[in-house]
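Listed below are the residues making up each chain.
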Amino acid sequence: MKAREAEQFYRLAEVARLLRVPPYRLREMSACGQFPPAAVVIPGGGHMRCRWSASQLAEVAQAWANPLAAGNR
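Caption draft 1: Structural view of the overall build of the protein chain. Within the protein chain, the secondary structure is distributed over three helices and three strands. When the elements of the protein chain are put in sequence order from the N terminus, they spell out β-α-α-β-β-α. Put simply, 47% of the contacts in the protein chain that link residues at least 6 apart link residues at least 24 apart. Within the structure as shown, the protein chain displays about 5,800 Å² of accessible surface, and the carbon and sulfur contribution to it stands at 54%.

Spelled out as structure tokens, the structure:
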């Protein structure tokens with residue numbers, strides 16, 4: 001039987017560090033629809049309530065790396 005692995009989630013500060021984009025810019029891009037909304041929102045979590053999944057970040061990194069992607073025009 002193959003074991004299933006849990007999805008890794010990242011806070012905004014970690015996402016900003018991984019993508020090398022300031023957190024305020026990620027918030028602005030999310031409001032404009034250029035960055036995906038958080039996959040998980042933890043109620044009562046304060047400023048660390050939003051979490052993005054590793055698969056979301058992989059899609060963003062792939063889209064940003066491809067200059068011909070539809071979102072980069």
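Caption draft 2: Quick peek at helix α3 (residues 54-65). Here α3 contains twelve residues, and its C-alpha end-to-end distance of 16 Å stays within 8% of the 16 Å for a straight helix at 1.5 Å per residue. Taken together, the buried positions of α3 are occupied by Gln56, Leu57 and Val60. Projection of α3 onto a plane perpendicular to its axis shows the buried side chains occupying an angular sector of 95 degrees, all on one side. Exposed residues on α3 whose side chains face more than 90 degrees from its buried face are Glu59, Gln62 and Ala65. Contacts from the buried residues of α3 go to β1 (9-10), α1 (12-19) and β3 (50-53).

Caption draft 3: Seen up close, unusual backbone geometry. At Arg20, a position not held by glycine, the phi torsion is positive, near 60 degrees. Secondary-structure assignment places Arg20 in the loop between α1 and α2 (23-32). For Arg20, a relative accessible area of 77% puts it in the exposed group.

Caption draft 4: Spatial organisation of the pairing of β3. Of the pairings in the sheet, the one linking β1 to β3 comprises two bridges and is antiparallel in character. In the strand pairing of β3, Tyr10 is matched with Trp52. Here two bridges tie strand β2 (residues 40-41) to β3, and the two strands are oriented antiparallel to one another. Paired with Val41 across the bridge in β3 is Cys50.

Caption draft 5: Looking closely at the sheet that holds β1. The three strands lie next to each other as β1-β3-β2, forming an open sheet whose pairing is antiparallel. Two strands in the sheet have a free side with no partner beyond their single neighbour: β1 and β2. Against the sheet, α3 makes contact with β1 and β3, and its axis sits at roughly 65 degrees relative to β3, the strand it touches most.

Caption draft 6: Looking closely at the nonpolar core. Leu12, Val15, Ala16, Leu19, Val21, Leu26, Met29, Phe35, Trp52, Leu57 and Val60 together form the largest nonpolar core, which totals eleven residues. Among the secondary structure elements, those contributing two or more residues to this core are α1, α2 and α3. The biggest single contributor to this core is α1, with four residues. Excluding anything up to four places from it in sequence, Phe35 contacts Val15, Leu19, Leu26, Met29, Ser30, Trp52, Leu57, Val60 and Trp64.

Conventions adopted
- Residues numbered from 1 in each chain as written.
- Predicted model: local features only at pLDDT ≥ 70, side-chain atom pairs only at ≥ 80, totals over all residues.
- Heavy atoms only, no water.
- Helix = DSSP H or I, 4+ residues; strand = E, 2+ residues; numbered from the N terminus.
- Contact = heavy atoms within 4.5 Å.
- Areas by Shrake-Rupley, 256 points an atom, 1.4 Å probe, with all protein chains shown as cover.
- Expected span 1.5 Å × (residues − 1).
- Buried < 20%, exposed > 50% of the residue type's maximum accessible area, 1.4 Å probe, protein only.
- Arc of directions from axis to C-beta.
- Pairing = 2+ DSSP bridges.
- Axes fitted to C-alpha atoms, helices over the stretch in contact; angles between N-to-C directions.
- Core = buried A, V, L, I, M, F, W, Y, C linked by side-chain atoms within 4.5 Å.

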